[in-house]
Amino acid sequence: MNIEFPKSFFWGAASSATQAEGRQAGDGKGENIWDYASKKYNHRFYEGVTTENTSYFYRDYQEDIQRMQDISFNSFRTSISWSRLIPDGIGDVNPKAVAFYNDMIDTLIEKGVEPFINLYHFDMPMELQKIGGFENREVITAYKNYAKTCFELFGDRVKYWFTFNEPMIPAEAGYLHDRHYPYVVDFKRAATVLHHIIVAHCEAVNVYRESKQEGKIGIIMDVIPVYPRSQNPADLYAAEMADLFYTKSVNDAILKGKYPEKLKEVLVKYDQLPGVTEEDIALIGETKIDLLGINYYRPRRVKAKECLPNPQGVFSPEWFFDEYVMPGRRMNTSRGIEIYPKGIYDIAKKIQTEYDNIDWFVSENGIGIEGEEAFIAEGIVQDQYRIDFLKEHLRYLNKAMEEGSNCLGYHMWTFVDCWSWGNAYKNRYGFYRLDLATGEKTVKKSGLWFKEMVKENGFD
Ligand code: BG6
């Protein structure tokens, strides 16, 4: 075996509540922004698929967890749906949700699959969005109470907790780049949302510490490593700014306990600084996580700006860099993103050198392919491309670990093909194929490969 991982390595996949659970009549779930937006702005969702019918995990979880065991998962990340557990975001708990999550957790443990539970995967309860979502500080308090409720209900069995998946995304996609509801385009509001999410994260970590439960708590970040077009100072500056806005802003706050000075200077200069109190700064400074999840899909290649931005336009990080379309880059054309396996190694090195070599794991990595039915032969999707993708990334991960990176596991995105934020079921990512028409779930070639690879803890 030339690529070998430690015996204790976490192997599995990640998913999220809204993307997989679906709805059932009488389930008591409250509406969240995706239930609302996928109906109200249905044209924004690929083939108009709404959150109602996502992957049927709420209905099929017992069989699904068996499917995890069938392909050797020893761990699985999903999230709790805030609006399923507490339909209005604050107030009464939905007993059907408590029963569902209890049984899901118990079944996972029974099948030898460690539950990794995330509290928030982009899915703000609609009632709280109506009062401004994370723009409103009251929602930080609501989130803190929700987190406390989750720890009290499930913390006796869940040993790995995560406060947020990709804290940057609800801010950036929801308040700056018009991809997620509420479809606002306003940098300062986006920065406010991001700051409040970071404060909410700190509050939840502290509530967890106060509970004296014995698990670990962390956060899942999407890290896009930045590469400049050249070593020309203007290209290097572009790369520095892209990294500052999109990575260091969150990573430094959460992992170093402070926002980068340079970010503050730029935001002051352009009058874009959100309201940050001294208490917030103190809280950020004293909060530490135990475990970091990293979602890695693609690199970000940048170059110096070709044209100056319109000073009257909407302020944005893109005022400081242009995307660099590198000739010859390897593309996943379904999603329109570059495939760059070495990025995972570069991230590991960065964690090692800049972030104290904290314990971390790959919490998402994967390849979304459109029209996978074209690859069905002998009843299964022959996704050799996914196996190759996994091998390439795992090789780089393994190399980083040999060089001392504290990586504890690898979760692919995703387990069964799931719904996504806009693309709905366009790009398929799963180890299992979902037939949308029948609800049938069939293992893909990559799932069978994964099963053997996990048994061996590596591959040749
Ligand atoms: C990740 C998210 O960034 O990307 C997932 O955490 C998402 O929720 C995944 O589904 C893939 O994105 P997409 O849009 O290609 O499905």
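Here, every reference points to the structure presented above.
Residues numbered from 1 in each chain as written. Predicted model: local features only at pLDDT ≥ 70, side-chain atom pairs only at ≥ 80, totals over all residues. Heavy atoms only, no water.

**A word on unusual backbone geometry**
Turning to step 1, where the next piece is worked out: The linkage connecting Y181 with the following residue, P182, adopts the cis geometry, with an omega of 15°.
Turning to step 2, where the next piece is worked out: Residue position: P182 is located in the loop between α8 (168-175) and α9 (187-211).
Turning to step 3, where the next piece is worked out: Non-glycine residue N357 carries a positive phi angle of around 50°.
Turning to step 4, where the next piece is worked out: Relative to the helices and strands, N357 is located in the loop between α13 (342-354) and β13 (360-364).
Turning to step 5, where the next piece is worked out: Despite not being glycine, A424 shows a phi value in the positive range, around 45°.
Turning to step 6, where the next piece is worked out: Inspection of the secondary structure assignment puts A424 in the loop between β17 (407-413) and β18 (427-428).
Turning to step 7, where the next piece is worked out: The exposure class of A424 is buried, given its relative accessible area of 1%. (Helix = DSSP H or I, 4+ residues; strand = E, 2+ residues; numbered from the N terminus. Buried < 20%, exposed > 50% of the residue type's maximum accessible area, 1.4 Å probe, protein only.)

**Here we look at the side chain of R84**
Turning to step 1, where the next piece is worked out: Structurally, R84 can be placed in helix α4 (residues 82-85).
Turning to step 2, where the next piece is worked out: Side-chain polar atoms of R84 contact the backbone oxygen of G22, separated by 2.9 Å. (Polar contact = N/O pair within 3.5 Å; in protein donor to acceptor, adjacent residues only side chain to side chain.)

**Considerations on helix α11 (residues 261-269)**
Turn by turn, an α-helix covers 3.6 residues, leaving residues three or four places apart pointing in a common direction.
Turning to step 1, where the next piece is worked out: Among the residues making up α11, those that are buried are L263, V266 and L267. Down the axis of α11, the buried set is contained in an arc of 95°. They therefore lie on one face. Summarising the geometry of α11, the exposed residues directed more than 90 degrees from the buried face are E261, E265, V268 and K269.
Turning to step 2, where the next piece is worked out: On its buried face, α11 is in contact with α9 and α10 (233-256).
Turning to step 3, where the next piece is worked out: Of the residues flanking the end of α11, it is D271, one or two places downstream, whose phi is positive at about 55°. (Arc of directions from axis to C-beta. Contact = heavy atoms within 4.5 Å.)

**Brief notes about the packing of aromatic side chains**
Turning to step 1, where the next piece is worked out: In total, this model carries 59 aromatic pairs according to the counting rule given.
Turning to step 2, where the next piece is worked out: Centroid distance Y101 to F154: 6.2 Å. Interplanar angle 70°. Geometry classified as edge-to-face. Note that Y101 is positioned in helix α5 (residues 95-110) and F154 in helix α7 (residues 137-154), a separation of 53 residues in sequence.
Turning to step 3, where the next piece is worked out: Taking the centre distance of 5.8 Å and the plane angle of 85° together, the rings of Y270 and W319 count as edge-to-face. Taken together, the positions of Y270 in the loop between α11 and α12 (278-286) and W319 in the loop between β9 (300-303) and β10 (322-323) put the pair 49 residues apart, joining distant regions of the chain.
Turning to step 4, where the next piece is worked out: For Y270, a relative accessible area of 28% puts it in the partly exposed group.
Turning to step 5, where the next piece is worked out: It is R229 that lies over the ring of Y324; its NZ or CZ is 5.9 Å from the centre. (Phe/Tyr/Trp six-rings, centres within 6.5 Å; stacked < 30°, edge-to-face > 60°. Lys NZ or Arg CZ within 6 Å of the ring centre and 35° of its normal.)

**Focus on the site of the ligand**
Turning to step 1, where the next piece is worked out: Close contacts around the ligand come from 13 residues, with Q19, H121, E166, S420 and Y429 the closest.
Turning to step 2, where the next piece is worked out: Between an oxygen atom of the ligand and a side-chain N or O atom of H121, the distance comes to 2.8 Å.
Turning to step 3, where the next piece is worked out: Here Y429 contributes a side-chain N or O atom positioned 2.5 Å from an oxygen atom of the ligand.
Turning to step 4, where the next piece is worked out: Computed on the free molecule, the ligand has an accessible area of 390 Å², of which 91% lies beneath the protein chains in the complex.
Turning to step 5, where the next piece is worked out: For the shell around the ligand, a count of residues per class yields four nonpolar, six polar and three charged. (Near = heavy atom within 4 Å. Areas by Shrake-Rupley, 256 points an atom, 1.4 Å probe, with all protein chains shown as cover. Nonpolar A, V, L, I, M, F, W, Y, C, P; charged D, E, K, R; others polar.)

**Things to note about the nonpolar core**
Turning to step 1, where the next piece is worked out: Counting residues in hydrophobic clusters, the biggest one holds 137 residues, and the most contacted among them are W82, F134, W161 and L397.
Turning to step 2, where the next piece is worked out: For this core, the element with the highest residue contribution is α9, accounting for 14 residues.
Turning to step 3, where the next piece is worked out: Setting aside chain neighbours within four positions, we find W82 in contact with P87, G89, Y120, M124, P125, L128, F134, V139, A142, Y143 and Y146.
Turning to step 4, where the next piece is worked out: Ranked by size, the runner-up nonpolar core spans seven residues in total, among them F10, F116, F162 and F361. (Core = buried A, V, L, I, M, F, W, Y, C linked by side-chain atoms within 4.5 Å.)

**Here's the deal with the pattern of salt bridges**
When the charged atoms of two side chains lie near each other, side chains of opposite charge can form a pair.
Turning to step 1, where the next piece is worked out: Scanning all chains against the criterion turns up 40 salt bridges.
Turning to step 2, where the next piece is worked out: Among the ionic pairs, R77 bridges to E364, the shortest N-O distance being 2.9 Å. Taken as a pair, R77 in strand β3 (residues 75-79) and E364 in strand β13 lie far apart in primary sequence, 287 residues in all. This pair shows no difference in class: R77 is buried, exactly as E364 is.
Turning to step 3, where the next piece is worked out: The salt bridge partner of D417 is R428, with a shortest N-O separation of 2.8 Å. (Salt bridge = Lys/Arg side-chain N within 4 Å of Asp/Glu carboxyl O.)

**Side note on the sheet that holds strand β7 (residues 226-228)**
Turning to step 1, where the next piece is worked out: Taken in spatial order, the three strands line up as β7-β9-β10 in an open sheet, and their pairing is mixed. The strands lining the two open edges of the sheet, one partner per strand, are β7 and β10.
Turning to step 2, where the next piece is worked out: On top of the sheet, α10 reaches β7 and β9; it is set at about 135° to β9, its chief contact. (Pairing = 2+ DSSP bridges. Axes fitted to C-alpha atoms, helices over the stretch in contact; angles between N-to-C directions.)

**Focus on the packing of α10 against α11**
Turning to step 1, where the next piece is worked out: It is at 10 Å that the axes of α10 and α11 come closest, and there the two elements cross at 100°. Put simply, α10 runs roughly perpendicular to α11. Residues Y237, E240, M241, L244, F245 and S249 of α10 form the contact with α11, whose participating residues are K262, L263, V266 and L267.
Turning to step 2, where the next piece is worked out: Broken down by class, the residue content of the contact of α10 with α11 amounts to seven nonpolar, one polar and two charged. (Parallel < 35°, antiparallel > 145°, perpendicular 65-115°, else oblique.)

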